[in-house]
Amino acid sequence: MEKTMTIEGMMCSHCEAHVKKALEAIHGVASAAVSHKAGTAVVSLSSPVEDAALKAAVEAQDYKVLGIR
């Protein structure tokens, strides 16, 4: 299963790395492909993860989650 997050505030590859690390630390997240240019993170899940947990992990890094689909 994949979820695509729309994220505001990422400006560079350093930002991408912070978001990727935060998302991949969540149990159930297999990988995260993050793009500051697109303002997205495509999260591949190995088991169900609540949207709230994904949002909290990103917003703890000081970025704003605009949506998850």
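One structure accompanies this document, and this report is about it. (Residues numbered from 1 in each chain as written. Predicted model: local features only at pLDDT ≥ 70, side-chain atom pairs only at ≥ 80, totals over all residues. Heavy atoms only, no water.)

## What to know about the environment of Glu16
The topology assignment puts Glu16 in helix H1 (residues 13-24). Among the residues examined, Glu16 registers a relative accessible area of 19% and is labelled buried. In this structure the C-alpha to C-alpha distance between Glu16 and Ala32, which are 16 residues apart in sequence, comes to 9.9 Å. Aside from chain neighbours lying at most four places away, what touches Glu16 is Met10, Val34, Ser35, His36 and Lys37. Within the local environment of Glu16, its side chain forms a polar contact with the side chain of His36, the two groups lying 2.5 Å apart. (Helix = DSSP H or I, 4+ residues; strand = E, 2+ residues; numbered from the N terminus. Buried < 20%, exposed > 50% of the residue type's maximum accessible area, 1.4 Å probe, protein only. Contact = heavy atoms within 4.5 Å. Polar contact = N/O pair within 3.5 Å; in protein donor to acceptor, adjacent residues only side chain to side chain.)

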